[in-house]
Structure formats: C-alpha cells, structure tokens
Amino acid sequence: MAGGGGIGPSNGKSYPGDLTWKVIITCIVAAMGGLIFGYDLGISGGVTSMAPFLKKFFPDVYRKEELNVDSTNQYCKFNSGKLTFFTSSLYLAALASSLVASLVTRKCGRRLSMLFGGSLFCAGAIINGFAQNVAMLYIGRALLGFGIGFANQSVPLYLSEMAPYKYRGALNIVFQLSITIGILAANLLNYFFAKIEGGWGWRLSLGGAVIPALIFIVGSLTLPDTPNSLIERAGRQVSLQLRDDLLEEAKDRLKDIRGVPNVDEEFNDLVAASDESRKIEHPWLNLLMRKYRPQLTFAVLIPLFQQLTGMNVITFYAPVLFKTIGFGANASLMSALITGGVNCGATFVAIVVVDRFGRRALFIEGGAQMLICQVVISVAIALKFGTTGNPGQLSMGYAEVVVTFICIYVAAFAWSWGPLGWLVPSEIFPLEVRSAAQSVNVSVNMTFTFIIAQIFLQMLCSFKFGLFIFFAFFVVIMSLFIFFFLPETKGIHIEDMATVWRDHWFWKRFFDPPPQGGQIE
C-alpha cells in the first residue's frame, strides 16, 4: 500500500538477550554527549537577550534594543549579521569536524571519538567564558562546534550498536533526552544569571558549558567500546593474535551487554557484516551505490526536514523571540524556561512509545500537531503585530495563548522529529558504510542548522508573522514524504535492516530480485 511499506519484527531475526542494567547505564552515560549540544542550544539564545552581553560585543543591537525601543519595528530590532553569526558559527565548525569524526569513529572506535568531542567542547567553553572581544567569542564557538561534530557523529552510532534491537529506539532517544536536559539546564541558568548585579552573568552562562563537557569526558573514559566496533577493528589487524584477542573481547562484550551466555548467532552475523564491510575500501564513494540510495535519501532528507520544522529557531532564539513579541527580559527567559521543560518532559513520551507504536506513527502525529500550532501562532501574531511590528500593550491572555501553543508545538517536536531525526539515520545503514553515512547525517543537519540560524532574524524581519507559515508549509511536505516513503524499522536488528527496504513498495526497485526459488539472507 502507498502509505505502508513497513514490515514488522517478524521479518527480521530474533536474537536472545535482555535489557540489562549494564546496557541501560552504559547508554545513559554515552547519551550525556547530548548535554553539550543541548546546553549550547539553550545558552546561545539566552545570552543574546542579556543587555550587558549585547552592550559589550554587539553594541548596534544594544542601541536598537535598549535606546530606541519605541521607534523600532519589533520584528527587526535583533536583526544583526554579527549577532546571528555568533549563534550559527558553531554549526559551521560542527559541519567541518563531522567529516574528520567519521574517519576517527571508524578507525579508532566510537568511544575515542566521543572523548575528542568532550575535550574540544571543554576548551571552547573556557575561551568563551573569558572572552574579551568578538574574535575570542568566535574562536570559542568554533571549538564548541568541533566538539559537537565529534559527539553527534559517535553517540547515536554507539547507542544503536549497544542497544538490544527490541529497545534500540528507546535507548537511542536517551541522546535526545540528554539534549533537552541540556537545553532546560541552560534556560534555568540563564534566568538566574541574568539577574546577577554587575552584568557579568553571561560569563557564567557561557563558561558553564565546562560542566556538561566534563561529565561527557569522564563518561567517555569509563565506557566500553561496542562489539560492532571491536569486530570492525579486529578485521584490520595484521597480527592474527591481535585479531583473535579483539574478537574474543567483542564476544565477551556481547555476552555481557545481552545478559545471556549464548550469543553465537548474533556474534556470527556481526562478524559476517564486518567481513562484508572490509570489502569496501572507499565507504564515501560506496554510499552512492544504487543499493544504498534509499537509506542515503533519508540520511539527507530527515536532518534537512528536522531543521525546516522551525524548532531550532524556537530553541536558539526563544528568549529573543518572546522578547520580540512583547514579553519583558525576565519574562522572555521564563517563557524559554517553560518551553525547555516541556521539551524535556515530552521526550520521555518518545522513549516510552517509540518501540511500541513505531517511528512512522510518531513522525506523522508530530507533524500534524506542529502544523496546527504553527498556523495558530502565525494568526495570533498577525492579529496583534500586523505588518508594522508595533503591537501596543499586550494582554496577559494573549501572552498565555502564544506560550501555550508554542509549548504544544515543542511537545510535538520532542516526541517525533527531534529524537527520530537522530535515531532513524543511525539505525538504517549496514556496518560497511555506517560511519560515513552518519557523517552525512550530521553534516546535513549542521549545514541547515547553520543556514537557519544565520538567516532567521533576517527572515523574521522580512516575513514577519508569515515566518511560521513558511515552516508550516515544509511540515506538510515532510509529513507526506514520511507517510509514503519511510518503512517501519522498529524491532528490526541493526545488521538485518536491509529487509525493510527490499520489501518496501517503492524502494525495492533499487535491489536485485532474489534468485528463483531462493531467499535473500
């Protein structure tokens, strides 16, 4: 059928194993990599709404905001290329580092890539906390971006490979939960640091990124590497002794995390997948092969669509956005704190339901909910602000309506496109191209995160209330795309994922038919 095309768990192999506490704890520790990404997402918008920060680094914005409030169009008063580049430069750096991170992740393991990410992010946080000029801010942001590029490359892969296939969705979404916790923590700190007398609270906000970085670094040092990664590296050893030692370690690791003494079937399939992957000398070129085209389509379009939901606009600029629509400085930070709490809470919903209802249902329901909210928010802003951007006095009831629908919109994203945007691309590729494919996913994500962050304030000034309709249009497109073209991947073992594409009504044309009377393994 047109919208279906998915297959159930029965079509994939069933391996023995339980959800052990060791796996749960390991995945939670690894997912702390999301803290650094989330903290930065939340902290950026907060500091850019703090007057002392603007006065020191972006005086042109400060003058429009503080000195000409009554004569400035509310839609355009934060429109500054330097200010937006402060936010967006990080994602340009993350894009560059994700390409290097792919090689490190494949050759040296997921764990070492995570350690690099935490260390680079920590260095960037220190520089930003002590920044004296815009150049120091940009250097710090670049290092933060390098760290995020490594973390976003390695953590989703690590989680997908460590988790039992029946619980892969829930455990992978712990990464998104960690992102939302980082956003919430940043919003909370911004709210209190903005009240510090003397105007230096922004230094604590930016320098505070050291804390999630240290948590991630310590966690990375304590984590074991995945059986998939150990087997992959064993295949490249010249010494037979070293190869056998790594394979033995991988098998013991698999027994340990599955909680059962016999993992022969899963281990043998992992070794077979690794043997197949060694035939691939150039994984980047092989990604372009016809048989990987369905997965590559989603590795590009899912992160692209994720940015075109408009959610990161809310996250980056929530305090600025609320300030723009008439809330005071502290009220805008409080509103951002509320949406951060909703984001965090709704992600728990995704953890509970993703392996029960599947990926497709969450994508489609979340899209419908976001669409309704975007239309309502656009109408509410249009009625009050019009095209002039001068709303006059805003009532408490109006403010409550806007915040309520923004919260409903945030909740929809948090249990659909937010976590699934990382989960689905990390689970659909075979081992031989998985690191390269995840690099494509991160690169596309960071490219469009950079573009949206860079042009958002200009778009707000030009599109005015129509900005939300702009994003709503893309929500319709992406929801229809998911409905027709995404097969269901819940309950399918990560090394047996090719079956869902072979059986899909559209994507099966990219695979050779099975031999007569035979069956594809």
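Keep in mind that what you see is a predicted model, and the values were worked out from it rather than measured.

What counts and how
- Residues numbered from 1 in each chain as written.
- Predicted model: local features only at pLDDT ≥ 70, side-chain atom pairs only at ≥ 80, totals over all residues.
- Heavy atoms only, no water.
- Patch = residues over 30% accessible without salt bridge, like charges linked within 9 Å, V, L, I, M, F, W, Y side chains within 5 Å.
- Areas by Shrake-Rupley, 256 points an atom, 1.4 Å probe, with all protein chains shown as cover.
- Salt bridge = Lys/Arg side-chain N within 4 Å of Asp/Glu carboxyl O.
- Helix = DSSP H or I, 4+ residues; strand = E, 2+ residues; numbered from the N terminus.
- Buried < 20%, exposed > 50% of the residue type's maximum accessible area, 1.4 Å probe, protein only.
- Lys, Arg positive; Asp, Glu negative; His and termini not counted.
- Charge placed at Lys NZ, Arg CZ, Asp CG, Glu CD.
- Contact = heavy atoms within 4.5 Å.
- pLDDT = per-residue confidence, 0-100.
- Axes fitted to C-alpha atoms, helices over the stretch in contact; angles between N-to-C directions.
- Left-handed = near helix turned anticlockwise from the far one by under 90°.
- Nonpolar A, V, L, I, M, F, W, Y, C, P; charged D, E, K, R; others polar.
- Parallel < 35°, antiparallel > 145°, perpendicular 65-115°, else oblique.
- Core = buried A, V, L, I, M, F, W, Y, C linked by side-chain atoms within 4.5 Å.
- Expected span 1.5 Å × (residues − 1).

(A) Focus on a nonpolar patch on the surface. A surface patch of nonpolar side chains, about 400 Å² in accessible area, is lined by V476, L480, F483, F484 and W505. Along the chain, V476 falls in helix α22 (residues 466-485).

(B) Focus on the pattern of salt bridges. One pass over the structure, following the stated rule, counts 12 salt bridges. We note a salt bridge from R110 to E161, for which the minimum N-O separation is 2.7 Å. One end of the pair, R110, is in helix α6 (residues 110-129); the other, E161, is in helix α7 (residues 134-162), and 51 residues separate them in sequence. Since its relative accessible area comes to 0%, R110 is described here as buried. Residue classification places E161 among the buried positions, given a relative accessible area of 3%. Here R434 ties to E161 by a salt bridge, and the two come within 2.9 Å at their closest N and O atoms. Pair noted here: R434 is in helix α21 (residues 431-463) and E161 is in helix α7, with a separation of 273 residues, a long-range link. Look at the salt bridges and you will find they share partners, linking R110, E161, E232 and R434 into a network.

(C) A look at a positive patch on the surface. On the surface, R290, R293, K508 and R509 cluster together into a positively charged patch. With respect to the helices and strands, R293 occurs in helix α15 (residues 293-308). The class of R293 is partly exposed, set by a relative accessible area of 36%.

(D) Spatial organisation of the side chain of Q369. Structurally, Q369 can be placed in helix α18 (residues 359-385). The exposure class of Q369 is buried, given its relative accessible area of 16%. Residues contacting Q369, with those up to four places away along its chain left out, are I408, A411, A412 and W415.

(E) Layout of the confidence of the model for the chain. Looking at the chain as a whole, the pLDDT averages 82, with 85% of positions reaching at least 70. Every residue in residues 1-12 scores below 50 in pLDDT, and together they form 32 contacts with partners more than four places removed in sequence or on other chains.

(F) Structural view of the packing of helix α2 (residues 33-47) against helix α8 (residues 168-193). Following both chains from N to C, one finds α2 and α8 inclined at 35 degrees, their axes separated by 6 Å at the closest point. When you trace α2 past α8, the crossing you get is right-handed. Packed against α2, whose contacting residues are G33, G34, L35, F37, G38, Y39, L41, G42, I43, G46 and V47, the element α8 presents F175, S178, I179, I181, G182, I183, A186, N187, L189 and N190 at the interface. Residue classes in the contact of α2 with α8 are distributed as 12 nonpolar, nine polar and no charged.

(G) Quick look at the packing of helix α11 (residues 227-234) against helix α12 (residues 240-258). The interhelical angle for the contact between α11 and α12, taken along N-to-C directions, is 170 degrees, at an axis separation of 8 Å. Here α11 lies roughly antiparallel to α12, going by the angle between them. Two secondary-structure elements touch here, α11 through P227, L230, I231, R233 and A234 and α12 through R243, L246, L247, E249, A250, R253, L254 and I257. In the contact of α11 with α12, the residues fall into nine nonpolar, no polar and four charged.

(H) A look at the environment of R236. In this structure, R236 sits in the loop between α11 and α12. It is 9.9 Å that separates the C-alpha atoms of R236 and D275, two residues lying 39 residues apart in sequence. In this view, R236 contacts R106, K107 and R278; residues no more than four positions away in its chain are not counted.

(I) Layout of the environment of F450. Turning to its location among the elements, F450 is positioned in helix α21. Setting aside residues up to four positions removed in sequence, F450 forms contacts with F85, S88, S89, Y91 and L92.

(J) Structural detail: a negative patch on the surface. Taken together, the side chains of D244, D245, E248 and D252 define an acidic patch exposed on the protein surface. Position of E248 relative to the elements: it lies in helix α12.

(K) Molecular detail of the nonpolar core. Core analysis: the largest hydrophobic core is formed by 135 residues, its most contacted members being F53, F58, F298 and W417. Ranked by the residues each element gives to this core, the list is headed by α21, at 12 residues. With residues up to four places along the chain from it excluded, the contact list for F298 reads P303, I428, F481, I482, F485, L486, W501 and W507.

(L) Structural detail: the side chain of S479. With respect to the helices, strands and loops of the structure, S479 is situated in helix α22. With a relative accessible area of 14%, S479 lands in the buried category. S479 has contacts with I364 and G367, leaving out every residue within four places of it along the chain.

(M) A look at helix α10 (residues 210-222). In a regular helix each residue adds 1.5 Å, so 13 residues correspond to 18 Å; α10 covers 19 Å between its end C-alpha atoms and thus fits that length. Every buried residue of α10 is accounted for by V210, P212, A213, F216, I217, G219 and S220. Contacts made by the buried residues of α10 are with α1 (21-31), α2, α6, α7 and α9 (201-207).

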